[in-house]
Each structure stands twice: as structure tokens, then as C-alpha cells.
Amino acid sequence: MTFTYKTRKSIPVCFHSISLFLLACMVFFHSITYSQNYNKMGGGGTGKVYGIVIDSADNKSIEYATITLLRASDSSVVSGAITDGKGQFKIEDVPFGQYRINISFIGYKAMMTSPFYVSNQNSEVDKGKIKISSNTKKLDEFVLTADKSDVQNTLDKRVYNVSKNIVNTGGTATDLLQNIPSVTVDINGTVSFRGNANVTVLIDGKPSGLTGGDRQALLDQLPGSSIESIEVITNPSAKYDAEGMAGIINIITKKDKLKGINGNVAISGGTHDSYNGSIGLNNRTSSYNIYANYSYRHEERLFTAHGLQNSYLTDTSYNYATTSYSNHTSEVHNGKLGVDFYLSNYSTLGIYGTINTRNQFEPNINTFAYTTLEGAPISSYWQNLYNVDKNTTWQGNIDYKHTFPNSKRELDASGNISTNLRNENTDYQDSFYDYFLGNNNYEYNYTTAKYVTSVAQVDYIHPFDNKSKLEAGLKANYRLNDNNQVVKNYDSLQNPIYNPLDYATDDTLTNHYLYNEQIYAAYLMYTGSFKFLDYHVGLRAEQTITSVQQETIDSVYRNNYLQLFPSASIKYSLGFQEDIQLSYSRRINRPNVYALNPFKDFTDTMNVRQGNPYLKPELINSLELGYTKTTNKVSISATIYYKHSDDLISYYRIFNPDNGKSLLTFENYSSSENYGVEGSFRYDLGKVGNLLWSFNAYNNKINASNLQTDLQSSAVNWNSRLTANIRLSRYTAFQMTGYYSAPNTSPQSTVKGFSSVDGGIKQDFMKGKASLAFNCGDIFNIREFDIVSQDIVNNKLVYYYTGVRKRESRIWMVTLSYRFGTNNDKASKKKKPDNMPSDNGEEPMGY
């Protein structure tokens, strides 16, 4: 990535390291001289010096300015520091004596303060706001280049820059998420964070029509090549939606912002008939930035599963074995077109639209066999299932941002609408009519689904000074889920000669299901600071209006409620780039469409799946204590967290001991407690590369005694990930990632531990404009999901199941990419308006 120096907003990553290195050298070479004169400076005690460096022209803080503490008598270097993101600095352990401070920064005139004393009577010296002036001789053509850090840590949000991820080149959002610390994605596409699946997934900070339906569809439809970064917000403040127990995962898509006409193209090919291609273009001027991108993806994935169920019935007992084989073929098209208009020095208008289509063909061959516990055959049959799934999603978005002249006040307004249409046809064909099961030879399911999401919001920021501000906002969110399922059966006993016209509608399974949700929210948040202490307090109110309607049976369930969601955070700076923070928030987890949908899935007639339209929302109280520290070589982040949930939403299996059939549905458990520790460690190997290690260990206690007296569990789980980024040469990079997740236990089941190893290598050429990447996911083909579940009634085991499911995960891919364009990002002699996109690639709209 290229950073062009024009104003202090364009700060190269390497400049910080160079500044620290030079400062350390100066301190070292002057330390001997200083120690010899220590007594002359009034030795016997120490104090500290702190302050803020700002621009004399606009009073904005200056980051990465070099602070040098000099002895007043001979200007020898005593100590120093670098200003942080707020322009603040602090120098501790300063021996008593007389000093001056020198402030320097590229593009600004060096500034020397007047002499001051650090003494027993004045041990804490606050230099206040120190103003420095820009140098009139600008370096219009001075360019420094550096790679954007692969992870950026703050205490409430972590940003993973995945655009240069090698091991997932040519993959999807699912593949990228599997390499984010503390995030797991199971075979069903269920995203979990810190072991909790109640996480909100956003696209560019906004809900998508795709998120209203199958989340796996959302992740698989979004190509990895279109993703710039992934944000993980662990304990969101009041200005964020209260939805999501585990937090928020925000997927930021790419949006080219380079000046002039620029573009990029990429093509990929891999094993098992996997290939994709993408192209992106943008044209940016001083008045507008127009951008467009398109991608196509085709892949085939093999899914296999087998299980063994032991059923202990009232009259008899038997074994029930199942196998499943499926080869999923999918084709995905993604397109995006947008434009940003720079209306004035203070106003920006952004408009963009997206379209996404996915066609998926899923033929399944399933077998079912019944035997006695001793293994004697009872009955068996096979089932052919042909599923065709077609998805189309449209999304439109408009953003307006206005900054007020001569102030830092800011007004943001946005509107978004997203529609997803899904048509799914499923044909079931059984080998014969089985009296034991009562199943028919043929069944036909036709489902149409429509997901509509619309959002309108306004946010206002009113700073009182450089240390405090008030934020307020209003938001309206509307969501419609319209599902219509028609089920037809063919009775082979009544119609032994097959005729398609003899299908009869099954009224017991046919249903029309409508879910409406309206959420009206308002929030108020105050942020302040005192010396090295930052804090914020906020309150969010959300009025929720929902209705679940089953038109076929004329049933309507309404649930309206008002909830308050307070949040608070306090952060203390322990030193330069070293912070500790305590935060609290109250959140809510509303049941999703899949959990509410009352349609029954009879793919396995002995294990029927069905949603529960009468689920209550889950309320969560979350508390976190975090610590971060960054040095030249090492970056450390550690968090201790605790969450308490009431009315936990979870799977619940109901077993019928009379016929051996099970119903897998959703219920509200009484409560749950989740507490643990999470950490990451990044070590910079210099020119060689870097290592990133992360881990998460937690204890999950679940109380479901409201459903069964003894239905409770407490289990410790942990997972860890290690990533090595190695620079083999100037133009050759290698990446390897290993992951392990320990067994995970819930009241009715246990998922066994699993692991995987991914690797890739990338070669740049043509002066970095082109690259060739080769990668493989799950190199040893060991990623699979093993589950054990059981049901005990009246202290008697009535049901025991073991099963293994595997999604083909070892895919070899090769990707060729090329970047082209004018890339005219030289510094302009005219000062850039505050709302214009900065040269470091930051979004003007604040996604």
C-alpha cells in the first residue's frame, strides 16, 4: 500500500518505527553523559511530563510527533516519546531538574519550549496544548510506502486486513472468517465468536437481505476477493445496534479510492472444478469518485455424513444408521456500482447499488437402515433428493455526510434497502413404501422466500472541546420475511403407475409463514477524557414490534416490547501505546428466521427439524476487561470477559420413546453464563515477516431446568490459531496457518475437537503490479465435525447418537492478479477539505 505525504493524515507505518529507533539511539548515546550530571539536576526524586501536540492552524492533534526531553543547561537528551493517536505524550521517571522539550515532525517547523522545572513541589508537569506550525516548503513528491498491518488492535474493536491474505486467495467470506481469531464457522455455515453463535453479521456496517435467510448463503455468496477487511466488535457501545449476544462482525468490502483511472483483474482455478474471476475499476477526481466491480465464482463441494442412533423404546429397541452423499454445485455472480460526490468542502454524498445471484444444485443420496441392537436387519430404504436453490439479492444505499464550518460538528444520514428472493425446489424419491415409517415414494417441496430489509438513520456529533463530545442518533429498521412452502406427495399404493398429475397437496405440511419486525431506536452517548483517562457512557432505547403469522392455519403471534441498553467504558493509558480498559454493555439476541420458521424438514423422517415461532428474545449483560500494548516488535492484546444471558435460545431435541422419532427444534433455556480469557500475540520478525498467535479459553454454563429438571451443563472449551507470514524475498511471501478447537459441550450434545492447517505462497512481479498465488485449505484433509448427543428421561437413557459430517475442505487454488492505472496520488498544493477521502485509503463515509 502507498502512503503519500501531504498533511499529517498520511502517516506511513514505517515512520513510527523509524522515529522510535532514532529516539532510542539518541537516548542511549546520551545516557552516560546524563548520568554523570544527575546530581547537578537535583537527583533524589522523579516526576513526569505530559501534554498534547496540535496544529497551530486548525487545532487538530498531531500523531507520531517526536518529543525529545532535553537538559536545559547543555541540551543533552534525557528521554523522549512519540505522540499517540490523540496527539498526547507522557514521559515518566524524569529526575528532578530543569528541562526543555523539542517537538519535531515531518512537514512542520521544529519547536522548542521554554525551560521548566520538575521538582518535589512540581512533580507532574502538564505542558498543555503545544502548537506547532507547518513548514511552508512542502514535499510534494515525498512518498513512503509500507504494508498495512494485518491486524489493528483497539480495545473495543479489532480490524483484520484480509485483502492480502494468501491462504484464502480465491476463497469466500466463509474461508476468511475461519482464519479470524476466536471466530469459528461450522459445516452449516453457523458463525460463532468466543463459542457463541449469537453474533450479528453486517456488510459495510449495514444489514443485508442475505442475512435474513441462510447465513451460509451470505458467506458463500461473498467472494473473498471483494473483501478489504473484517471488523470484530466485541462489546459494542450504545451507538451500535443492540442485536447480537457475542458482538458484531462487520465485513468491509473493497472500494477503490486511488486518484485517476485505476483497476484490477484476477482469475483463479482449482481442484474439483473450482474457478472464479473478478474485475474492479474506479475513476476519482476532485469532484467525484466512481467505482465498479464484478466477480464470478463456480465451485463444486462434496458433502458426506454418517450417523448411528440407538433408540431405547417403551416396547423395543433398535439401531438406526444413516449415510448421506452430496455434491453441491454453485454459481455466484456479484456486481457493485457506486459514486461519491464531493459537493463542497463540507459535504459528501455517496450512492451505491449491488446485485448478487446464486444458483445451487444439490443432489443427495441418503440411505437409512434399521437393525436390532444385536445387528439383525429390520428394514432399510434409500432416498434420492434433488434440490435446486436460486437466490437473487438487490441492495441500494445512500449516505450523506456534512461537517460544519469552523467546528468539528458532524451530521451523517443514510438509507439502505435490500431485497433477497429465493426459490427452492426439492424432489424426494424413496425406494419403496415402508410400513414402519409410513413414508411415501415421492414428495415434492416448493418454497419461495422473500427477505426485505430497510434501514434509515441519522447521527450527530457535537464536540465541546478536544476532550469531550456528545453523540446522538435515531434509527428505524424494518424487516420482512415471507416464506411460502407447498408440499405435495405421491401415493404409490393408490397410484401404482407413476403419473405426475397424481401428486396431492399435503395440507399438514403446506404453510405460508410471514415474519414482520420493526425496530425504532434512539441513543445518546457522552465521551470525555481527563489527562490519561478516557471514558464514555451511553444509553440506547429500542422499541421492537414483531408479528409471526402462519396464514395456512390462520395463526398470528405478536410480541411488542421496549428495552433499554446502557453501555459504559473507561480506558486508562499506562504509557505510550499501552492501555487498559473496562467496559459494560447490555445487549439482545432476537430469534432469527431459521429458529422461528415453523416449517418441518422431513429429509430424515426419524429426525424432523422445525423452528419455534413463539421464541422470546434473549437478553445479555456483558462485562470486559482488556489490555493492549504495542512496541516496535511486539503487539499484545488480552481480554477477560463475562456474559450472563436470560432466556438463552438454543437447539432442543424432543425424543418420543414410543416410536423412536425425534423433533429437533429451538427453545428458550432459563439462563447461561459465559466467562473466559482471550488473547493475541504478534511478533515482528523485521524484513523476514511476522508471527501471530491467538487463543480463547472459556467456561460455558447452561441452565435449562425450565425444560427438564436436570438439564444443565458446564464445560470448558478453548481454541487457538497460529499464523506465520514469511517474506522469502522482496517479491515472494509465504503464509501458513494452523488451528485447533477443543471439544464443545452443551446440555444435550458434544462436538468433538477438530483442527486444520492452511498454507499459501505468493509471487509478485512487474514491479508489484502483478502477482501469482498458490494456496491450499486444510492441507491434511482433517477438518470434520464429529458429534455425540443423548437424551435421558427419568434417569433412563432413551436416545444415543454419534455422527460425522464433512464438507470438502482441501481445495488447491492458483490465482493470477494484475493492477493497472494512473494512480495519480501526488500531494496537491491546495489543502484538502476535511470530508474528502484521505490518501491513506480511509472511507469518507465512515462505514
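Once a new chain begins, its residue numbering starts again from 1 and follows that chain's sequence as written. Two thresholds apply to this predicted model, a pLDDT of at least 70 for residue-level local features and 80 or more for giving and counting side-chain atom pairs, whereas whole-chain, interface and lining totals are computed over all residues. Values shown for side chains rest on all heavy atoms present in the structure; no hydrogens or waters enter the calculation.

> Now, about the overall build of the protein chain: what can you tell me, with residues and values included?
The helix count covers DSSP runs of H or I at least four residues long, the strand count covers runs of E at least two residues long, and both are numbered beginning at the N terminus. A count of helices and strands for the protein chain gives four helices and 46 strands. With 847 residues in all, the protein chain has 50% of them scored as buried. Pairs at least 24 residues apart make up 67% of the contacts formed inside the protein chain by residues separated by at least 6 positions. Accessible surface area values rest on a Shrake-Rupley calculation with a 1.4 Å probe, where residue burial reflects the displayed protein chains alone. Just so you have it, the protein chain exposes about 37,800 Å², and 57% of that area is on carbon and sulfur atoms. In this scheme, a residue with accessible area under 20% of its type's maximum is buried, one over 50% is exposed, and one in between is partly exposed, where area comes from a 1.4 Å probe on protein chains only. Residue contacts are counted whenever heavy atoms from the two residues lie within 4.5 Å of one another.

> Summarise the sheet that holds strand β2 (residues 46-55); cite the residues concerned and give the values.
Pairing is mixed in the open sheet, where three strands are placed in the order β5-β2-β9. Among the strands making up the open sheet, the edge pair consists of β5 (88-95) and β9 (124-132). Mean inter-strand twist for the sheet, computed between neighbouring axes without regard to direction, equals 20 degrees. Paired strands, as defined in this entry, are two strands with at least two bridges between them according to DSSP. Where β2 and β5 come together, six bridges link them in antiparallel fashion. Looking across to β5, one finds that Y50 is bridged to K90. Angles run from 0 to 180 degrees between N-to-C directions of axes, and those axes are lines fitted to C-alpha atoms, restricted for helices to the stretch in contact.

> Let's hear about unusual backbone geometry: which residues, and what values?
Positive phi is not limited to glycine here, since H272 has a value of about 60 degrees. Mapping H272 onto the fold places it in the loop between β18 (260-270) and β19 (274-284).

> So what's going on with the side chain of S573? Residues and values would help.
Inspection of the secondary structure puts S573 in strand β30 (residues 555-575). Beyond its immediate sequence surroundings of up to four residues, S573 is in contact with K90, F532, E578 and D579.

> How would you explain the pairing of strand β31 (residues 578-589) if you had to name every residue and give the values?
The pairing of β30 with β31 spans eight bridges and is antiparallel. Among the inter-strand pairings, G575 is bridged to a residue of β31, identified as E578. The antiparallel hairpin formed by β30 and β31 contains two residues in its connecting segment, where Q577 sits at a positive phi of about 55 degrees. By the bridge criterion, 12 bridges tie β31 to strand β34 (residues 618-630) in an arrangement that is antiparallel. Paired with N589 across the bridge in β34 is E618.

> I'd like a description of the packing of aromatic side chains, backed by residues and values.
Ring pairs are drawn from Phe, Tyr and Trp, using the six-membered ring of Trp, whenever the two centres fall within 6.5 Å, and their geometry is named by plane angle: stacked under 30 degrees, edge-to-face over 60, tilted for the rest. Across all of its chains, the model carries 18 aromatic pairs by this definition. One aromatic cluster is present, built from ring pairs that chain together Y318, Y320, F368 and Y370. The ring of Y352 has K336 sitting right over it, with the charged end atom 4.6 Å from the ring centre. For R409, the ring lying beneath its charged end belongs to F404, and the centroid distance is 4.2 Å. The criterion for a charge sitting over a ring is simple: Lys NZ or Arg CZ within 6 Å of the ring centre, and within 35 degrees of the ring normal.

> How would you explain the pattern of salt bridges if you had to name every residue and give the values?
One speaks of a salt bridge when a side-chain nitrogen belonging to Lys or Arg is within 4 Å of a carboxyl oxygen belonging to Asp or Glu. A full pass over the atoms with the stated rule returns 19 salt bridges. Linking E578 and K629 is a salt bridge whose minimum nitrogen-to-oxygen distance equals 3.4 Å. Here the residue E578 occupies a position in strand β31, and K629 occupies one in strand β34, the gap between them amounting to 51 residues. Taking relative accessible area as the criterion, E578 reaches 16% and is therefore assigned buried. Linking K616 and D647 is a salt bridge whose minimum nitrogen-to-oxygen distance equals 3.6 Å. Here K616, found in the loop between β33 (607-610) and β34, pairs with D647, found in strand β35 (residues 634-655); they are 31 residues apart in sequence, far enough to count as distant.

> Describe the side chain of N366, listing the residues and the values that go with them.
Structurally, the position occupied by N366 is in strand β22 (residues 347-371). Side-chain polar atoms of N366 contact the side chain of S324, separated by 2.8 Å. Distance and chemistry together define a polar contact, namely a pair of N or O atoms within 3.5 Å, with one atom able to donate a hydrogen and the other to accept it when in protein, and with adjacent residues in sequence counting only for side-chain atoms on both sides.

> How would you sum up the environment of F695? Please name residues and give values.
Positionally, F695 belongs in strand β37 (residues 689-703). Owing to a relative accessible area of 26%, F695 belongs among the partly exposed residues under this scheme. For the pair formed by F695 and F681, sequence separation is 14 residues and the distance between their alpha carbons is 9.1 Å. Excluding residues that lie within four positions of it along the chain, F695 makes contacts with S182, V677, E678, G679, N719 and S720.

> Describe a positive patch on the surface, and please don't skip the residues or the numbers.
Like-charged residues are merged into a patch within 9 Å and nonpolar side chains (Val, Leu, Ile, Met, Phe, Trp, Tyr) within 5 Å, provided each residue has over 30% relative accessible area and no salt bridge. Only four residue types enter the charge count: Lys and Arg as positive, Asp and Glu as negative, with His and the chain ends excluded. Charged side chains are reduced to one point each, which is NZ for Lys, CZ for Arg, CG for Asp and CD for Glu. Among the surface-exposed residues, K129, K131, K408 and K467 lie close enough to one another that they form a single positively charged patch. Of note, K131 is situated in strand β9. On the basis of relative accessible area, K131 is assigned to the partly exposed category, the value being 46%.

> I'd like a rundown of the environment of F96, residues and numbers included.
Mapped onto the elements, F96 comes out in the loop between β5 and β6 (97-104). Spatially, the C-alpha atom of F96 lies 4.8 Å from that of S119, the residues being 23 residues apart in sequence.

> Describe the confidence of the model for the protein chain, listing the residues and the values that go with them.
The score called pLDDT rates the predictor's confidence residue by residue, from a low of 0 to a high of 100. Per-residue confidence for the protein chain averages 80 on the pLDDT scale, and 82% of its residues sit at or above 70. Of all the helices and strands in the protein chain, strand β1 (residues 2-4) carries the lowest mean pLDDT, 36, while strand β28 (residues 511-530) carries the highest, 92. Counting contacts from residues 1-43, a segment whose pLDDT is below 50, to residues more than four positions away or on other chains yields 94 contacts. Predicted confidence for residues 136-147 stays below pLDDT 50, and this span has 25 contacts to residues more than four positions away or in other chains.

> Provide a residue-level description of the environment of V191, including the pertinent values.
Residue position: V191 is located in strand β14 (residues 191-193). Judged by relative accessible area, which is 0%, V191 ranks as buried.

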